[in-house]
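Residue strings, one per chain:
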Amino acid sequence: MSDRAELGEVRAALVSLPGVRDAAVHAARHAPGGPRIVAHVVTRTPPAELRAALRSRLPSHLLPARVHRVPYIPLLPDGRTDHRALAALTAAASDTASTPGESRWAAASVPVTPQQRALLPHALAHRGTGRFVQQLHWRWRGPLDTGRFTAAWQSVFAHESVLRAAFDGDKPRMVLHEHVRAEVVRHAVGSVDFDRLTARDRLRGFDLRRPGLLRLRLVDEAAPHGGDPPSVRILLTFHTLALDDWSVAVLLEEFYRAYLAGGRLPGGERRPDHRDYARWLTGQDTAPARDFWSSTAPGATALIRPGTPGPATGLSGYGRAETRLAAGPAGRLRAWAASHACTEAGALQAAWALLLYRAGATAGPALVGFGVSVLGRGVAVDFVERLPGLLANTLPMTVRVDPGAPVARLLADLRDQALEMAAYEWVSLQQIGAWSGRGAGDELLESLVVFEHRRRGSPTLRSALAAQGISVTPPRPAGTPTVLPVTLQARRDADDGLHLSAVHDRARLADADAARLVGQCARLLRELPHLAGGAATVSDALAALADEPPAAMAGAPAATATGAPT
């Protein structure tokens, strides 16, 4: 038995079984009668039951001759199974011994990703500030059984290793624990103020050295009038070092499936795991990525500040300025972008590049630089779209803005660079900063553009919930701060309009200037479709803002390290 594909098929069949958290498979070459398959499985299910379940999934020659239960699968630094350590674990346990109980914190560990490596020291230093904590909230209308709700989340925790993760900042490593209790707390009507609870839960943060980097709060609301079903507001708080927004959407789908099944997540399908991603990362050659980013990252002369130099604001904390394009203008923008083989996200980036150029107060062509948010799921990992973890990333976008060149050329340059960087979206901003040769005090970026790509909910799940008298509203973020001076966020709303918001550091950008900045961005987006065809220039587009001054922006209070976390 030497075919890796066949061994991989056996492992895939094992991890698809209900109650199996992880597995490793190898061939015992010196066994009597020739090579035999040996499996090591992290599960509470008896080995005999596992072998019986495999008979309907595998041909007879691939059925494991032995199945050993182990508390975890030890890994080498490169992500491969540590067979020596696995043999020691197997010797210490017997097939009939029960898997370690819930009080035992047995754990495996895997290398952190480049993004996590960059974020980890900052996250450890900023505990209690809410800086690396995100929150979502939504309403649940209809009956809600607290025990079933908690059991469903506990089932998701059992299935997804990232929810049982902690971090060792000294190594650094991600430590995957064998069991973590899901934290779900329900508050009676009138016992707490939701906004205060949200703020308090954010500042509470997480101890990264302990597992369980996601928790939930349920707040009952007063009974509605007119016979409407009761509602509960739900707050989900998580740490950005473990999960991104797409991952949380995946977890919510799993939770709803578990809730509908009585509190236990059904098994049977192949689920990707963070360890799959770690193994993929260890096999990547960074040389091509280094070559690409060293030549395309914003240089020291690039215009990166979205406001003209201004005095200190005297303010603190984070603010949010918002505006909206109605369905009509938003539709015209999408059609205009499509006519240039571009998306509305590309049009948004073009408008932001124009504002950066304008704030630079230069007369000729110039490079501008800003961050863009990418999902990070264009990697060759099976079922990556369902992989929970931190895959989303911030990458630097650099583009040349020439006042005499057509706006269509600016759109094409942004589109082409987005396509080129897609092959290297797994590297961290910290790595890019180092490869670009920037000094320790140089700021690589001062703004980020995020076009929200929401994972579509399942109509089947919505229908199944409705059959039990339950409806849920789409989750919305709860005041996420930005670690860059400005983050421009855009999303389509329920009426097919385009919602824009500028989340800003008030010490750098006063509230009035943030409102001016997001308002000017919206104005450009409204005007771009009315430009005179493909011949319209950057100067023509900027003329739409000639009657109002750029936003003013204070300088950074202190030097920041290249590749500061995003």
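See the structure above.
Report on the accompanying structure. Quick caveat, the model's predicted, so the values are computed rather than measured.

1. Let's talk about unusual backbone geometry
Phi at A361 is positive, roughly 50 degrees, even though this residue is not glycine. Inspection of the secondary structure puts A361 in the loop between α11 (344-359) and β13 (366-374). Backbone geometry at F383 places phi at a positive 60 degrees, although glycine is not the residue there. Looking at the element boundaries, F383 is found in the loop between β13 and β14 (393-401). Judged by its relative accessible area of 37%, F383 falls in the partly exposed class.

2. Some remarks on the pattern of salt bridges
Across all of its chains, the model carries 26 salt bridges by this definition. A salt bridge links R516 to D513; the shortest N-O distance between them is 2.7 Å. Linking R516 with D513, this pair stays in helix α15 (residues 511-527), spanning 3 residues, or about one helical turn. Notably, a salt bridge pairs R523 with E548, separated by 2.5 Å at the nearest N-O pair.

3. Notes on the packing of aromatic side chains
Under the defined criterion, the tally for this structure stands at 12 aromatic pairs. Centre to centre, the rings of W153 and F255 are 5.0 Å apart; their planes meet at 10 degrees, and the pair counts as stacked. One end of the pair, W153, is in helix α5 (residues 146-159); the other, F255, is in helix α7 (residues 245-260), with 102 residues separating them in the sequence. In this structure W153 comes out as buried when scored by relative accessible area, which is 0%. In textbook terms, an aromatic cluster arises when at least three aromatic residues are bridged by ring pairs, as seen for W140, F149, W153, F255, Y256 and Y259.

Rules used in this analysis
- Residues numbered from 1 in each chain as written.
- Predicted model: local features only at pLDDT ≥ 70, side-chain atom pairs only at ≥ 80, totals over all residues.
- Heavy atoms only, no water.
- Helix = DSSP H or I, 4+ residues; strand = E, 2+ residues; numbered from the N terminus.
- Buried < 20%, exposed > 50% of the residue type's maximum accessible area, 1.4 Å probe, protein only.
- Salt bridge = Lys/Arg side-chain N within 4 Å of Asp/Glu carboxyl O.
- Phe/Tyr/Trp six-rings, centres within 6.5 Å; stacked < 30°, edge-to-face > 60°.

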